Amino acid sequence: MKKINPIPKIVGETTEVESWLIRAGLRFSDLGDDAASIAIRKQWREYQAAVHRCCVTLHQPPSRVQLSGDYASLRIPDGASTNCEIDRLSNRPQPLD
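Quick caveat: nothing in here was measured; it's all calculated off a predicted structure.

**Some details on the packing of aromatic side chains**
Aromatic ring pairs: the centre-centre distance and the angle between the two ring planes describe each pair.
Part 1 of the reasoning: On inspection of all chains with the given rule, the structure shows three aromatic pairs.
Part 2 of the reasoning: Measuring from ring centre to ring centre gives 5.2 Å for Trp 20 and Trp 44, while their planes differ by 55°; the resulting arrangement is tilted. Linking Trp 20 in helix 1 (residues 17–22) with Trp 44 in helix 2 (residues 35–58), this pair joins segments that are 24 residues apart in sequence.
Part 3 of the reasoning: Given the relative accessible area of 16%, Trp 44 is considered buried.

Structure below.
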């Protein structure tokens, strides 16, 4: 019997910093001591805290939960001036201010 509404594959969270950075096309070796790298490290700590709270609340491992709402932005690191980010950011449309 065919499933009419198949459940989409769950894209869970991670406890591995390399996996988390890969979501944004970064590597740990890309991080330095600049402001963007410091912001990414801070975001990683916030992400890990949110994942931990979610796992404890739901009694599930990280791979079985997915952050949403206000925490969804923590899922992918957003550092603007790291080496891998430069090319991607230069292709973004500029604001019309």
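This is not the end of the story, as more comes after the structure.
**Remarks on the confidence of the model for the chain**
Part 1 of the reasoning: Mean pLDDT over the chain: 78, with 69% of residues reaching 70 or higher.
Part 2 of the reasoning: Ranking the elements of the chain by mean pLDDT puts helix 3 (residues 83–90) last, at 37, and helix 2 first, at 95.
Part 3 of the reasoning: Confidence drops under pLDDT 50 across residues 80–97; counting only partners more than four residues distant or on other chains, this segment forms 21 contacts.

**Topic: unusual backbone geometry**
Part 1 of the reasoning: In the Ramachandran plot, His 59 falls in the positive-phi region, its phi being about 55° despite a non-glycine side chain.
Part 2 of the reasoning: Relative to the elements of secondary structure, His 59 occurs in the loop between helix 2 and helix 3.

**Some details on the nonpolar core**
Part 1 of the reasoning: Within the largest apolar cluster, 15 residues are counted, with the highest numbers of intra-cluster contacts made by Trp 20, Leu 21, Leu 26, Ile 40, Tyr 47, Val 51 and Leu 67.
Part 2 of the reasoning: If you list the elements that add at least two residues to this core, you get helix 1 and helix 2.
Part 3 of the reasoning: If you tally residues by element for this core, the top one is helix 2, at seven residues.
Part 4 of the reasoning: When near neighbours in sequence (up to four residues on either side) are disregarded, Tyr 47 contacts Glu 13, Thr 14, Trp 20, Arg 23, Leu 67, Leu 74 and Arg 75.

**Brief notes about the environment of Thr 15**
Part 1 of the reasoning: Within the secondary structure, Thr 15 is located in the segment before helix 1.
Part 2 of the reasoning: Assessed through its relative accessible area of 49%, Thr 15 is described here as partly exposed.
Part 3 of the reasoning: Considering only alpha carbons, one finds Thr 15 and His 52, 37 residues apart in sequence, at a separation of 9.1 Å.

The rules behind these values
- Residues numbered from 1 in each chain as written.
- Predicted model: local features only at pLDDT ≥ 70, side-chain atom pairs only at ≥ 80, totals over all residues.
- Heavy atoms only, no water.
- Phe/Tyr/Trp six-rings, centres within 6.5 Å; stacked < 30°, edge-to-face > 60°.
- Helix = DSSP H or I, 4+ residues; strand = E, 2+ residues; numbered from the N terminus.
- Buried < 20%, exposed > 50% of the residue type's maximum accessible area, 1.4 Å probe, protein only.
- pLDDT = per-residue confidence, 0-100.
- Contact = heavy atoms within 4.5 Å.
- Core = buried A, V, L, I, M, F, W, Y, C linked by side-chain atoms within 4.5 Å.

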